[in-house]
Amino acid sequence: MKIGIGIDTGGTYTDAVIYQFETKQVLSAAKSLTTKNDLSVGIMNALRKLDRSLLPQAEVAALSTTLATNACVEGKGGRAKLLFLGLDNETLRRVGGKYGLNGEGEVHAYPGAGSYDGQVLPSPDWETITAEAKEWLADADGLGIVELYAMNNGAVAEREARDRLKAVRDLPTVLSSELFSGLNSVQRGSGTLLNAKLVPIIREFMDAVGRAFRELGIRAPIVIVRSDGSLMSETFSRLRPVETILCGPAASVLGGVELAGRKDSVIVDMGGTTTDVSLVKAGKPVRVRSGIQIGTWRTFVRGVQIDTFGLGGDSAIRLKVHDFELGADRVLPLSLLGKEHPEIIPVLQRLLDSKDVHTRPIHEFYTLVRDIASQPGFTKEEKAFCEALKAGPLDIRSAAAAVGTDIYWLKTDRLEAEGVVLRSGLTPTDFMHLKGDFDAYDPKAAEIAAYYLLRCMNRKQTEAELRKLCDEVYDRVKKKLYCNLTRILLMDRYPNLRDEGLGPQLERIIARRWEELRDGRGTAGYFDADFTTTAALVGIGAPIHIFLPDVARALGAECIIPPNAGVANAVGAVVGNISAEIEVELRPNHTADGIHGYFVCASDRQELVKERDQAAERCRALAKQLAEAEARKRGVVGDIRITVEEENRSSIDSKGLSIDLGTRFIGTAIGGAVL
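Quick caveat, the model's predicted, so the values are computed rather than measured.

Undergrad: Summarise the overall build of the protein; cite the residues concerned and give the values.
TA: Helix and strand counts for the protein come out as 23 helices and 31 strands. Against the compact-globule benchmark of 26 Å for 675 residues, the protein has a radius of gyration of 26 Å, which places it among compact chains. Considering only C-alpha atoms, the protein reaches an extent of 85 × 60 × 60 Å along its principal axes. The long-range share in the protein, meaning contacts at least 24 apart out of those at least 6 apart in sequence, stands at 68%.

See below:
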């Protein structure tokens, strides 16, 4: 019996399954809270709930996580720097923002580019770069390096920069040419910086898995899901964590397809922080070829086409001018904090009894996730703030007072962004407890905070009004889900909307349509604006069964909540294969006298070949060779299936004649992680 372990660590829960490959059965499944201060604890808690007799028999352990996804959406990550060679700072400031390169002090650009065709090599001022790098690398956790024309010159400057800066400070360093083959250097730079920022996040995750496995005696080799749904080895994931930016969502697609068994479907995965939506057509997930965009980051990472937006069980609910808003940022549910720290309940009760009303969320608390007392790079005030939290959670006013300031001057943005502290506040999870749809935590803290929110909204603090508020929160979640699903389906039907956006008028029509359907006014008779789909809506994730059925009815769709929907990501992780995709380009050497030879361009080399047929054959062979080597590095064992696709490119000149722009050769190697 060939079995595997699947593990998914999300922002709120860690799921685990034991899966039998031959029968495609989940033999055992479990769920446990994710423990942010030590991820291994939550992983062990989930694994201990499985059939312990089967754990030693596992031949592979496959992982997925939304940690990288959540970091991108919430703007979190390690302290990383990007060295950009061949571009000046002014140009980078002008164009970098739309690719996510807008962090102050993160990107350092130096001129000295060579020629576009790679014939003139870059010549940056190495002496200035190494001298100045001593200062800007001082507080860095990782480094990325990108050069303007690296794809055309064999990335010689990127490799030299790595060697020179290693002598300045030995940091985990990655080159853009090692990650991507796209020509757009700013987009390459975006993914390279993101990779460096994600190194500590994935390292912490993999270390936690290792500790849990040693504790439980599990010796199975470890693989992790990539953004395209394939797998890669543990070693490879530590070097290229950017490949995991949609790791969790990709696993949810695989799990949804496996569990629901529908050829055409919309996979809707609602977690604690985000909702991830992907489209499946004819049994295959729709993929993105131009590169994943997530949050502000625009990258060359290939993957399953997934739309991720901030909506989950732990989305923050806060006051907004006598109303409430459902935010995109994640907070710890007060019902969970109240269960773990019941001492917060009297604090909330005193706030409610005080009759105070405030525009700031003074009912929220800060909790310490990790100790920074001995870590460099934090201010004295930040360390004092964290020291005050060691005794337990503090409400915002008490936390500010503990460091000698007030709530208006209290600065915690960086500590929250780097995952040092976490806020706790009202969330949809809290209102699920108040409505009786979820009972894992203590609802008392949530109840008091909800009454306080009613008072700040200038509403009566009665049981009837509280029930009404619960219904309003549910409706707000469903409305946001409906509007986003409609947006995603419209963009699939009309691709130009991806660039142009829906616009405020169409967004208002969609929102109004939800309100009409909710209130039973769906059919006007003379004209209706119906948004429907023939695809099934497949819901996975812990809270989705509460919200998706009404949304599916509004879209005229079948709603499927499959068995084991709550652990679908863990199932998706273990059913994947390892694959590698490599691009090699054939580029004509256009000169004033016509075409003189053809360049064979790969990420680490450029060759000039006289005849086109010879160049094409060299490209095919190189695509196969590099794809197989990459697949082996990612952890493939045994046989590999290799294919090469060719994409010819041409243009038409002013005389109507065809211009040869070359050919892309895409080598794909697929294999398994177990024999």
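Undergrad: Describe the nonpolar core, and please don't skip the residues or the numbers.
TA: Where a protein is soluble and globular, its nonpolar side chains tend to be buried together. Leu47, Phe84, Phe205, Ile245 and Val584 are the most contacted members of the largest nonpolar core, which has 111 residues in total. With 14 residues, helix α8 (residues 185-216) is the single largest residue contributor to this core. Those residues in contact with Val584, other than ones at most four positions away along the chain, are Val600, Cys601, Ala602, Cys619, Leu622, Ala623, Leu626, Thr663, Arg664 and Phe665. One finds Val266, Ile317, Tyr452 and Leu502 within the second-largest nonpolar core, a separate group that totals 83 residues.

Undergrad: So, the pattern of salt bridges: which residues are in play, and what are the values?
TA: As enumerated under the stated definition, the model contains 54 salt bridges in all. Residue Glu243 is joined to Arg226 by a salt bridge in which the shortest nitrogen-to-oxygen separation is 3.0 Å. Here Arg226 lies in the loop between β9 (222-225) and β10 (231-233) and Glu243 lies in the loop between α9 (234-239) and α10 (247-260), a separation of 17 residues in the sequence. The same class applies to Glu243 and to Arg226, which are both buried. Between Glu234 and Arg238 there is a salt bridge, with the nearest N and O atoms lying 3.3 Å from each other.

Undergrad: With reference to specific residues and values, describe the state of the cysteines.
TA: In protein structure, a disulfide is the covalent linkage between the sulfur atoms of two cysteines. Counted according to the given criterion, the structure contains 0 disulfides. Counting only cysteine sulfurs, Cys72 is the nearest neighbor of Cys247, a cysteine outside any disulfide, at a range of 12 Å. Free cysteine Cys456: the closest other cysteine sulfur is in Cys470, separated by 17 Å. The exposure class of Cys456 is buried, given its relative accessible area of 7%.

Undergrad: Pulling in residues and values, what's your account of a negative patch on the surface?
TA: Taken together, Asp125, Glu127, Glu132 and Glu135 make up a surface patch of like negative charges. The topology assignment puts Asp125 in the loop between β6 (107-110) and α4 (126-136). Its relative accessible area of 44% is what places Asp125 among the partly exposed residues.

Undergrad: Outline the packing of aromatic side chains, supporting the account with residue identities and numerical values.
TA: Applying the stated criterion across every chain yields a total of 6 aromatic pairs. An angle of 80 degrees between the planes, with centres 5.7 Å apart, marks the rings of Phe438 and Tyr441 as edge-to-face. The partly exposed category is assigned to Phe438, whose relative accessible area is 26%. Relative to Trp514, the ring of Tyr482 has its centre 5.4 Å away and its plane inclined at 40 degrees; by these criteria the two rings are tilted. Here Trp514 lies in helix α20 (residues 503-518) and Tyr482 lies in helix α18 (residues 463-493), a separation of 32 residues in the sequence. Summarising the burial analysis for this pair, Tyr482 and Trp514 share the class buried. The ring of Tyr13 has Lys31 lying over it, and the distance from NZ or CZ to the ring centre is 5.1 Å. Lying across the ring of Tyr474, Lys435 places its NZ or CZ 5.0 Å from the centre.

Undergrad: How would you sum up the sheet that holds strand β23 (residues 394-395)? Please name residues and give values.
TA: As summarised here, the arrangement of the 4 strands in space is β21-β24-β22-β23, forming an open sheet in which the pairing is mixed. Of all strands in the sheet, those with a lone pairing partner are β21 (332-333) and β23, marking the two edges. As defined by bridge partners, strand β22 (residues 365-368) adjoins β23 across 2 bridges and the pair is classed as antiparallel. Bridge pairing links Phe365 to Asp395 in β23. Strands β22, β23 and β24 (421-425) of the sheet are contacted by helix α13 (residues 380-389), whose axis makes an angle of about 95 degrees with β22.

Undergrad: Outline unusual backbone geometry, supporting the account with residue identities and numerical values.
TA: Working note: non-glycine residues mostly have negative phi, and peptide bonds are mostly trans. One non-glycine residue, His322, adopts positive backbone phi at about 60 degrees. Residue placement: His322 occurs in the loop between β19 (315-319) and β20 (324-330).

Undergrad: Describe in detail the pairing of β20, supporting the description with residues and values.
TA: The pairing of β19 with β20 spans 4 bridges and is antiparallel. Within the sheet, the bridge partner assigned to Ile317 lies in β20 and is Leu326.

Undergrad: Can you explain α4? Please cite residues and give values.
TA: Buried residues of α4: Trp126, Ile129, Thr130, Ala133 and Trp136, and no others. The buried side chains of α4 occupy one side of the element, clustering within an arc of 125 degrees when seen end-on. Facing away from the buried surface of α4 by more than 90 degrees, the exposed residues are Glu127, Lys134 and Glu135.

Undergrad: A description of the environment of Val575 should follow, citing residues and the corresponding values.
TA: Assignment of secondary structure puts Val575 in the loop between α22 (568-574) and β27 (578-591). Classification of Val575 by relative accessible area gives partly exposed; the value is 24%. Expressed as a C-alpha distance, the spacing of Val575 and Arg634, which sit 59 residues apart in the sequence, is 16 Å. Apart from residues lying up to four places away in sequence, Val575 is in contact with Tyr19, Leu254 and Glu258.

Undergrad: Any chance you could break down the environment of Leu239 for me, citing the residues and the numbers?
TA: Position of Leu239 relative to the elements: it lies in helix α9. Residue Leu239 is classed as exposed on the basis of its relative accessible area, which comes to 56%. Considered as a pair, Leu239 and Ala196 are 43 residues apart in the sequence and their alpha carbons are 9.1 Å apart. Dropping the residues within four chain positions of it, Leu239 is found in contact with Val174 and Asn195.

Undergrad: Help me get a handle on the sheet that holds β6, residues and values and all.
TA: The 4 strands lie next to each other as β6-β5-β7-β8, forming an open sheet whose pairing is parallel. Here the strands that pair on one side only, and so sit at the sheet edges, are β6 and β8 (173-175). Across the sheet, the axes of successive neighbouring strands diverge by a mean angle of 15 degrees, strand direction being ignored. Relative to β8, strand β7 (residues 142-147) is paired through 3 bridges, and the arrangement is parallel. If you follow Ile145 over to β8, its bridge partner there is Leu175. Sitting on the sheet, helix α6 (residues 156-168) touches β5 (80-85), β7 and β8, and the angle it makes with β7 is about 150 degrees. Helix-sheet contacts for α8 involve β5, β6, β7 and β8, and the interaxial angle to β7 is about 170 degrees.

Undergrad: Could you give me a rundown of α10, with the residues and numbers involved?
TA: The first and last C-alpha atoms of α10 sit 20 Å apart over 14 residues, in line with the 20 Å expected at 1.5 Å per residue. Taken across its 14 residues, α10 has 10 buried, putting it largely inside the fold. What α10 keeps buried is the set Cys247, Gly248, Pro249, Ala250, Ala251, Ser252, Val253, Gly255, Gly256 and Ala260. Directly beyond the C-terminal end of α10, a positive phi value near 65 degrees is found at Gly261.

Cut-offs and rules
- Residues numbered from 1 in each chain as written.
- Predicted model: local features only at pLDDT ≥ 70, side-chain atom pairs only at ≥ 80, totals over all residues.
- Heavy atoms only, no water.
- Helix = DSSP H or I, 4+ residues; strand = E, 2+ residues; numbered from the N terminus.
- Rg over C-alpha atoms; globule rule 2.2 N^0.38 Å.
- Contact = heavy atoms within 4.5 Å.
- Core = buried A, V, L, I, M, F, W, Y, C linked by side-chain atoms within 4.5 Å.
- Buried < 20%, exposed > 50% of the residue type's maximum accessible area, 1.4 Å probe, protein only.
- Salt bridge = Lys/Arg side-chain N within 4 Å of Asp/Glu carboxyl O.
- Disulfide = S-S within 2.5 Å.
- Patch = residues over 30% accessible without salt bridge, like charges linked within 9 Å, V, L, I, M, F, W, Y side chains within 5 Å.
- Areas by Shrake-Rupley, 256 points an atom, 1.4 Å probe, with all protein chains shown as cover.
- Lys, Arg positive; Asp, Glu negative; His and termini not counted.
- Charge placed at Lys NZ, Arg CZ, Asp CG, Glu CD.
- Phe/Tyr/Trp six-rings, centres within 6.5 Å; stacked < 30°, edge-to-face > 60°.
- Lys NZ or Arg CZ within 6 Å of the ring centre and 35° of its normal.
- Pairing = 2+ DSSP bridges.
- Axes fitted to C-alpha atoms, helices over the stretch in contact; angles between N-to-C directions.
- Arc of directions from axis to C-beta.
- Expected span 1.5 Å × (residues − 1).

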